[in-house]
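Structure at a glance
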Amino acid sequence: MKRRMAALAVLLAFLCAAASAIVRNGSKEDRSKESKSMGKLLKAYRNKYKVFMGIPTTSVIFYGGFRGARNDYLFRQIDPYTEPDAQAVEEQEFFVSRPVKLDSCYMLEYWYWTAAGEDMDVDGLYSSESYTPETSPLVIDIPREPGLYYFGYYDGQATAASGRLVEIKGKPSEDMKVAGLREVLRCYRGTEWEDYIREELDKAKAEAKERKSARRKGRD
């Protein structure tokens, strides 16, 4: 909490103004004014996974996402003792970071979400939000240990409406870890991270299999 408050004092002058948390009715193709105004910034900070600094023994890749058709994400580093950084992806289910400094802190500063998907019967909903460290639903304290960090997978509509992370009913966040790691692998295939990611993916598959088996036994 102290680190977040210190970061707020340092960054308040240039963080984007927070918009009120709402989910709007509208076309899937419609973008709010906030989303349009962020377009250039998203492109400027768009993650390029073939050009990066950091290896598996000295840095962290964080990843996770929200259920929906697509998401635009902008994360900003807010620890005042770590150099500034911002990272963005557009129209993706999962956010996958570039390698980041150990013990840094990243907040979700901007998020555009829209509803759709095979298991969603809601259409024509979207949300476009800018956040401060105090209002962001997702502030990530990067571990001091290098490797991969999964921040979870959440209900996009409920999170956008409430301003806090909401789990998907009947689908624990851990059950989406394999899908998230597959996206990480897609981004880092052909780099020095690939073997490490594949090892973590194998572990996650084994854990998912164990959880599935345990649930079946619980129903017997």
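Nothing here was measured: the structure is a model prediction, and the numbers come from that model.

Observations regarding the pattern of salt bridges
- Going through the model one piece at a time under the given rule, you end up with 12 salt bridges.
- Among the ionic pairs, Arg-211 bridges to Asp-175, the shortest N-O distance being 3.2 Å. A residue pair is termed long-range when its members are at least 10 positions apart, and Arg-211 in helix H6 (residues 194–219) and Asp-175 in the loop between helix H4 (156–162) and helix H5 (177–188) qualify at 36 residues.

Some remarks on the environment of Asp-155
- With respect to the helices and strands, Asp-155 occurs in strand E9 (residues 147–155).
- By relative accessible area, Asp-155 is classed as buried at 13%.
- Excluding anything up to four places from it in sequence, Asp-155 contacts Phe-66, Arg-67, Val-166, Glu-167 and Ile-168.
- A distance of 3.1 Å separates a polar atom in the side chain of Asp-155 from the backbone nitrogen of Gln-157.
- In this structure the side chain of Asp-155 is engaged in a polar contact, spanning 3.0 Å, whose partner is the backbone nitrogen of Ala-158.

Considerations on H5
- The terminal C-alpha atoms of H5, which comprises 12 residues, lie 16 Å apart, in line with the 16 Å expected from a rise of 1.5 Å per residue.
- Within the span of H5, buried status applies to Val-178, Gly-180, Leu-181, Glu-183, Val-184, Leu-185, Cys-187 and Tyr-188.

As for unusual backbone geometry
- With a phi close to 55°, Glu-91 is a non-glycine residue in the positive phi region.
- Note that Glu-91 resides in strand E4 (residues 86–92).
- Given a relative accessible area of 45%, Glu-91 falls into the partly exposed group.
- Located in the positive-phi region is Asp-103, a residue other than glycine, with phi close to 60°.
- The residue Asp-103 is located in the loop between strand E5 (94–96) and strand E6 (105–114) in this model.

With respect to the side chain of Gln-87
- Relative to the helices and strands, Gln-87 is located in strand E4.
- In this structure Gln-87 comes out as buried when scored by relative accessible area, which is 1%.
- Here the side chain of Gln-87 touches Asp-85 through a polar contact of 3.0 Å, side chain to side chain.
- Once residues lying within four places of it in the same chain are set aside, the contact partners of Gln-87 are Tyr-45, Asn-47, Tyr-73, Leu-74, Phe-75, Phe-95, Ser-97, Arg-98, Pro-99, Val-100 and Tyr-106.

Quick look at a negative patch on the surface
- Side chains of Glu-167, Glu-174, Glu-207 and Glu-210 sit close together on the surface and give a patch of like negative charge.
- With respect to the element layout, Glu-210 can be found in helix H6.
- The class for Glu-210 is exposed, based on a relative accessible area of 57%.

Focus on the sheet that holds E9
- Pairing within the open sheet is mixed, and its three strands lie in the order E5-E2-E9. Unpaired on one side and paired on the other, E5 and E9 mark the two borders of the sheet. Neighbour-to-neighbour, the strand axes of this sheet turn through a mean angle of 10°, independent of strand direction.
- With respect to the sheet, H5 is in contact with strand E2 (60–67), E5 and E9, its orientation differing from that of E5 by roughly 45°.

Focus: the environment of Lys-205
- With respect to the helices and strands, the residue Lys-205 is situated in helix H6.
- Note on Lys-205: relative accessible area 38%, which makes it partly exposed.
- Along the sequence, Lys-205 and Ala-179 sit 26 residues apart, while their C-alpha atoms lie 9.7 Å from each other.
- Those residues in contact with Lys-205 that sit more than four places away from it in its chain are Val-178 and Arg-182.

Section: the pairing of E2
- Most of E2 is tucked away, with eight of its eight residues classed as buried.
- As judged from the eight bridges shared by E2 and E9, these two strands associate in the parallel manner. Paired with Gly-65 across the two strands is Tyr-153, which belongs to E9.
- Of the strand pairs in this sheet, E2 and E5 are connected by three bridges, and their pairing is antiparallel. Among the inter-strand pairings, Gly-65 is bridged to a residue of E5, identified as Phe-94.

Calculation notes
- Throughout, residues of each chain are indexed from 1 in the direction in which the sequence is written.
- For this predicted model, a pLDDT threshold of at least 70 governs which residues receive local features, and a threshold of 80 or more governs which side-chain atom pairs are given and counted, while totals over whole chains, interfaces and linings are taken from all residues.
- Each side-chain value is worked out from all heavy atoms of the structure, with water and hydrogens disregarded.
- Salt bridge criterion: a side-chain nitrogen from Lys or Arg within 4 Å of a carboxyl oxygen from Asp or Glu.
- Helix numbers and strand numbers start at the N terminus; a helix is a DSSP run of H or I with at least 4 residues, a strand a run of E with at least 2.
- Buried, partly exposed and exposed residues are distinguished by accessible area as a fraction of the type maximum, computed with a 1.4 Å probe on protein chains only: under 20%, between the cut-offs, and over 50%, respectively.
- Contact definition: two residues touch when any of their heavy atoms are within 4.5 Å.
- Here a polar contact means two N or O atoms within 3.5 Å. Within protein one must be a hydrogen donor candidate and the other an acceptor candidate, and residues neighboring in sequence count only if both atoms are side-chain atoms.
- Expected helix span is computed as 1.5 Å times (number of residues minus one).
- Nonpolar side chains (Val, Leu, Ile, Met, Phe, Trp, Tyr) within 5 Å and like charges within 9 Å form the patches, drawn only from residues with over 30% relative accessible area and no salt bridge.
- Reported accessibility uses the Shrake-Rupley method at a 1.4 Å probe radius. Residues are deemed covered only where the shown protein chains occlude them.
- Counted as positive: Lys and Arg. Counted as negative: Asp and Glu, with His and the chain ends omitted from the count.
- Here the site of a charge means NZ on Lys, CZ on Arg, CG on Asp, or CD on Glu.
- A pair of strands is considered paired only if DSSP assigns at least 2 bridges between the two.
- Whenever a helix is involved, its axis is fitted only over the stretch in contact; in every case the axis is a line through C-alpha atoms, and angles between N-to-C directions fall within 0 to 180 degrees.

Shape descriptors only; they carry no functional weight alone.
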